Amino acid sequence: MSLYSAIARPLLFLLPAEAAHECVMKMLTMAAVTFGRSVPAPDGNPVECFGVRFPNAVGLAAGMDKNGAVLPAWPLLGFGFVEVGTVTAHAQPGNPVPRVFRLPRQRALINRMGFNNEGARAVADRLASLRRAGRWPRVPVGINLGKSRVTPLEQAPEDYAYSFRQLREHGDYFAVNVSSPNTPGLRELQAAGHLRDILRALARENPEGKPVLVKIAPDLSGEEIDGIVACGEAEGAAGWIATNTTLDHSAVPPGCDEEGGLSGEPLRQMSTRVLHRVVSVAGKPVIGVGGVSDPESARGKIAAGASLVQLYTGLVYRGPGLPKRLARELLP
Ligand SMILES: Cc1cc2nc3c(=O)[nH]c(=O)nc-3n(C[C@H](O)[C@H](O)[C@H](O)COP(=O)(O)O)c2cc1C
């Protein structure tokens, strides 16, 4: 049994999920300050993907560090890349708490955070000051963009484009999030017409050709996936992220259910199936995410065709040693 599962996890799990998250973020802030500029690049097997060089294939999924508040700390845990966000054009508080729930037996979470974040301008300012202070991490940084809650679906392209304009100099890649279940109507933006308009709006703001990926939901039929991939690639999407959380709560025991997206081990198979379908029709690289919690599940994503993997819930249940272990075990 690891120190994490013997001591740290039981203590953290005494707190409500979001309070535990805040506590961990504070510890990471202290770690980042202690290590200052000397956080080394992580170990592992380098991967070249959509023109970006990753020191290893294991990334932090979006939602953990929504505002880039502890960006310099993540490579300490061995992550080969970090996805900041979701960031929206307008700062927004998200849904009322409680909005994250643990299902320890299933090693799963349900969340309905609703894109709480400081807004694109404030996040851009923080990222700029990290750069100025020489504290930028030595790993690629992705920035995940979402639609502001107040913005109607028809104005989504301009909303994403505004955030992209604010943040474009800071991201090594961008993820268009059209798959969170917690912003009303957001997943409708996966439909070809909307996705095309969003990708065109970003392309107009993207003279440097930063890679723009699309993050999709697991709750899609094979035909829907094929349509989304065909449209996205025709509009220049540089890759795919499969998947976000699911609305399928069939793995949730009666009495434990909450509204929101389910992540962690019950999502694993479903997201790997979607990943596999995307890989089979896409010409571009795919990041596999959903239920990665040990070397076997990470290898499962790679075997299904993922070029890189990401995780969120696995970190909560398996602890801070997981990314390093995965990066080591993904060595060929
Ligand atoms: C509390 C929580 C917040 C999340 N917030 C975001 C988010 O802001 N943007 C996003 O694209 N995905 C978000 N996700 C989804 C994760 O990035 C990931 O796609 C999903 O949880 C599946 O991976 P996992 O099983 O490793 O957690 C969130 C997940 C959790 C558990």
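Structure's up top.
S.K.: Is there a simple way to think about unusual backbone geometry in this case?
M.R.: In terms of backbone geometry, most residues other than glycine have negative phi values and most peptide bonds are trans. The peptide bond linking V97 to P98 adopts the cis configuration, its omega dihedral lying at -5°. Locating P98 in the fold gives a position in the loop between β4 (81-87) and β5 (100-103). Between A242 and the following residue, T243, the backbone shows a cis peptide bond with an omega angle of 15°. Looking at the element boundaries, T243 is found in the loop between β10 (239-242) and β11 (261-264). Positive phi outside glycine occurs at R107, with the angle close to 45°. As for its position among the elements, R107 is in the loop between β5 and β6 (108-111).

S.K.: Is there a simple way to explain the layout of surface pockets in this structure?
M.R.: Take a probe with the size of a water molecule and roll it over the atoms, and the empty space left behind shows itself. By volume, the second largest pocket amounts to about 150 Å³. Lining the second largest pocket are P40, A41, P42, D43, G44, P75, L76, G78, K324, A327 and R328. A breakdown of the residues in the lining of the second largest pocket according to their chemical character gives six nonpolar, two polar and three charged.

S.K.: Teacher, can you tell me more about the sheet that holds strand β13 (residues 308-311) here?
M.R.: Whenever strands of a sheet pair, they do so through backbone hydrogen bonds, lying parallel or antiparallel. In space, the eight strands of this closed barrel follow the order β3-β4-β7-β8-β9-β10-β12-β13, with parallel pairing throughout. Strand-to-strand twist of the sheet, defined as the mean angle between neighbouring strand axes without regard to direction, takes the value 25°. Note that strand β3 (residues 58-60) and β13 share three bridges and pair parallel. In the strand pairing of β13, G59 is matched with Q310.

Rules behind the numbers
Residues numbered from 1 in each chain as written. Predicted model: local features only at pLDDT ≥ 70, side-chain atom pairs only at ≥ 80, totals over all residues. Heavy atoms only, no water. Helix = DSSP H or I, 4+ residues; strand = E, 2+ residues; numbered from the N terminus. 1 Å grid on protein atoms, 1.4 Å probe; cavity = no way out; pocket = protein on both sides within 12 Å on 5 of 7 lines; lining within 4 Å. Points joined across faces, edges and corners; volume = space filled by probe spheres on them. Nonpolar A, V, L, I, M, F, W, Y, C, P; charged D, E, K, R; others polar. Pairing = 2+ DSSP bridges. Axes fitted to C-alpha atoms, helices over the stretch in contact; angles between N-to-C directions.

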